[in-house]
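Remarks on the overall topology
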Amino acid sequence: QVQLVESGGGLVQPGGSLRLSCTASGFTFRNYAMNWYRQAPGKERELVAGIGRNDGSANYADSVKGRFIMSRDNAKNTVYLQMNSLKPEDTATYYCNAKNLWGSAYWGQGTQVTVSS
């Protein structure tokens, strides 16, 4: 059964850091590009970061560039999002997404990140 399970969310003060993880199962992880999306209440879902199937680099939304780092470990079927210098505007539910070259996509259940003092 296909699963993407996010973890690592929580409550953090502005300027703090969190590391999100997404562990995949039920499909061939290495054949999928991976993405992190987020959605805040009343806002549209937005792409935060993405990384290719066996890529050494990731792409980032302008709003998080320089603060967030995405990586993947294909041996662990896991992607990460290291979030630094967090701002209240980063508060959202963060979703892990997997996409292959034929258009298939899978989504995780999301993990909540709240940045507040």
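Anyway, here's the lowdown on the structure attached to this text. (Residues numbered from 1 in each chain as written. Predicted model: local features only at pLDDT ≥ 70, side-chain atom pairs only at ≥ 80, totals over all residues. Heavy atoms only, no water.)

Moving on, we come to the overall build of the chain. For the chain, the helix and strand inventory stands at 0 helices and 11 strands. In the chain, the succession of helices and strands from N to C terminus is β-β-β-β-β-β-β-β-β-β-β. Over its C-alpha atoms the chain spans a radius of gyration of 13 Å, differing by no more than 12% from the 13 Å that the globule rule assigns to 117 residues. Counting over 117 residues, the chain shows a buried share of 42%. Sequence-distant contacts in the chain: of pairs separated by 6 or more residues, those separated by 24 or more amount to 53%. (Helix = DSSP H or I, 4+ residues; strand = E, 2+ residues; numbered from the N terminus. Rg over C-alpha atoms; globule rule 2.2 N^0.38 Å. Buried < 20%, exposed > 50% of the residue type's maximum accessible area, 1.4 Å probe, protein only. Contact = heavy atoms within 4.5 Å.)

The sheet built from 4 strands is open, its strands ordered E1-E3-E8-E7 with antiparallel pairing. Each edge of the sheet is formed by a strand with only one pairing partner; in this case those strands are strand E1 (3-7) and strand E7 (68-73). The mean angle between the axes of side-by-side strands here comes to 15°, regardless of whether they run parallel or antiparallel. Pairing analysis gives 5 bridges linking E1 to strand E3 (residues 18-25), with the strands arranged antiparallel. When the bridges of E3 are listed, Leu4 appears paired with Ala24. (Pairing = 2+ DSSP bridges. Axes fitted to C-alpha atoms, helices over the stretch in contact; angles between N-to-C directions.)

Counting through the fold element by element, Ser21 comes out in strand E3. Residue Ser21 is classed as buried on the basis of its relative accessible area, which comes to 15%. Filtering out sequence-adjacent residues up to four positions away, Ser21 remains in contact with Val5, Glu6, Ser7, Trp36, Thr78, Val79 and Tyr80.

One finds Met34, Trp36, Met70, Leu81, Met83 and Tyr94 to be the most contacted residues of the largest nonpolar core, which totals 30 residues. At the level of secondary structure, the elements contributing two or more residues to this core comprise E3, strand E4 (33-39), strand E5 (46-51), E7, strand E8 (78-83), strand E9 (92-99) and strand E11 (111-115). Non-local contacts of Tyr94, meaning those with residues more than four positions away in its chain, are made with Glu6, Leu20, Trp36, Tyr37, Arg38, Val48, Phe68, Leu81, Met83, Gly110, Thr111 and Val113. (Core = buried A, V, L, I, M, F, W, Y, C linked by side-chain atoms within 4.5 Å.)

Secondary-structure assignment places Ser104 in the loop between E9 and strand E10 (105-107). On a C-alpha basis, the gap between Ser104 and Tyr32 in space is 9.0 Å, while along the polypeptide they are 72 residues apart. For Ser104, the residues in contact, after removing those within four places along its chain, are Tyr32, Ala98 and Lys99.

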